[in-house]
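Overview (structure and organization)
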Amino acid sequence: MANDNLDVLLRTTDNTTMSLEQSRKFNNTKRKINGICKELTLETQKYDPQKTVDNIDSYLSSPNKLDRILYSEISNYVFSLEVAGRGIFATNLEKLLLYSLDEKNSVSDDSEKMIIKIYDHFHLALRQIDNVKNLLAIGIEEAKDDWKKQIKDTEKEYISILGIFAAVVLTFVGGITFSTSVLQSISAVSAFRLLLVVDFLAFVLINVIYILVKFIFTINDRDAKLFNIKALNISCLAIALVVIISWLFKANRVPDFFSNFLPWCK
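Residues numbered from 1 in each chain as written. Predicted model: local features only at pLDDT ≥ 70, side-chain atom pairs only at ≥ 80, totals over all residues. Heavy atoms only, no water.

This paragraph deals with the environment of I161. Among the structural elements, I161 can be located in helix 6 (residues 109–184). On the accessibility criterion, I161 (54% relative accessible area) is exposed. Taking the C-alpha atoms as reference points, I161 and I216, separated by 55 residues in sequence, lie 8.9 Å from one another. (Helix = DSSP H or I, 4+ residues; strand = E, 2+ residues; numbered from the N terminus. Buried < 20%, exposed > 50% of the residue type's maximum accessible area, 1.4 Å probe, protein only.)

Okay, here's the thing in structure tokens:
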């Protein structure tokens, strides 16, 4: 719909459509602006401001020109330059502006105004380039941060899976090994030594599993309430203490001691 409206606006009375490429004023203005820009990219040592002033005077005196400067052509030309080219352009343009402002050179007011406009628009284009670079840099940094975050989350998931698997394996293997060793040694050692070893192994196994599960929750930034490890550790220490005291006082001889006083044991 918008294209149809634009075609209607560009149609002439004889039903033909005008094109900017067919406009002599537009093409002449475009060619002159590009010529001035090309002159400003010459080597600074070879650049002559008076030649640019002559070209501007020729452009201003030409009947086939637009009433306004094609700033878009200046922007496109500046955007296409490399960093070194923009530096040369800026140096030559500053040299041209200083030349036009010097009253000894007798530059016309119209030419001086056009030079000032070109100078002003050039620096505006430079600012636009810097803004685009800054936006690109910010976008790249944000993309990097997002990518790092995704990688970190993926690593956390893998570690969590491996940690859960390790906890399950450790629990089952440790429990089975623990039970097997207890049953095999139940008649080979004293009851006190067996109880101390069993208590110590239970203490180690419980704390290893707790630390592993706590680590999994920590790397995933979760604060879950696990079993009361402090109470279990106190219980294990209390059992060990009772066993040691019983061992020191030879509690295993208590039944033999009382059997001497019981008539049915004689």
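Residues with a pLDDT of 70 or more make up 75% of the chain, whose mean pLDDT is 75. In this model, residues 12–16 is a region of pLDDT below 50 whose contacts with residues beyond four sequence positions or in other chains number three contacts. (pLDDT = per-residue confidence, 0-100. Contact = heavy atoms within 4.5 Å.)

Before going further, it helps to examine the packing of aromatic side chains. Aromatic rings in a pair are described by how distant their centres are and how their planes are angled relative to each other. Applying the stated criterion across every chain yields a total of two aromatic pairs. Relative to F89, the ring of Y77 has its centre 6.4 Å away and its plane inclined at 45°; by these criteria the two rings are tilted. One end of the pair, Y77, is in helix 4 (residues 71–80); the other, F89, is in helix 5 (residues 83–101), with twelve residues separating them in the sequence. In this structure, Y77 and F89 share a single accessibility class: buried. A centroid spacing of 4.7 Å and a plane angle of 25° characterise the contact between F89 and F122, whose relative ring orientation is stacked. (Phe/Tyr/Trp six-rings, centres within 6.5 Å; stacked < 30°, edge-to-face > 60°.)

As a further point, take the nonpolar core. In terms of nonpolar packing, the biggest core is built from 24 residues, with L40, I74, F89, L93, L96 and M114 touching the most fellow members. With six residues, helix 6 is the largest single contributor of residues to this core. Ignoring sequence-local partners within four residues, the contact set of L93 consists of L40, I118, Y119 and F122. (Core = buried A, V, L, I, M, F, W, Y, C linked by side-chain atoms within 4.5 Å.)

Attention now moves to the environment of S58. Structurally, the position occupied by S58 is in helix 3 (residues 49–61). Overall, the relative accessible area of 33% leaves S58 in the partly exposed class. The spatial distance from the C-alpha of S58 to the C-alpha of S111 is 9.8 Å, given a sequence separation of 53 residues.

Now for the packing of helix 2 (residues 24–39) against helix 3. A pair of packed helices can be characterised by two numbers: the angle between their axes and the separation between those axes. Packing of helix 2 against helix 3 leaves a shortest axis separation of 10 Å and a crossing angle of 170°. Compared by their axis directions, helix 2 and helix 3 come out roughly antiparallel. Here T29, K32, I36 and E39 of helix 2 come into contact with helix 3, specifically with K51, T52, N55, I56, S58 and Y59. Among the residues making up the contact of helix 2 with helix 3, the classes are represented as three nonpolar, four polar and three charged. (Axes fitted to C-alpha atoms, helices over the stretch in contact; angles between N-to-C directions. Parallel < 35°, antiparallel > 145°, perpendicular 65-115°, else oblique. Nonpolar A, V, L, I, M, F, W, Y, C, P; charged D, E, K, R; others polar.)

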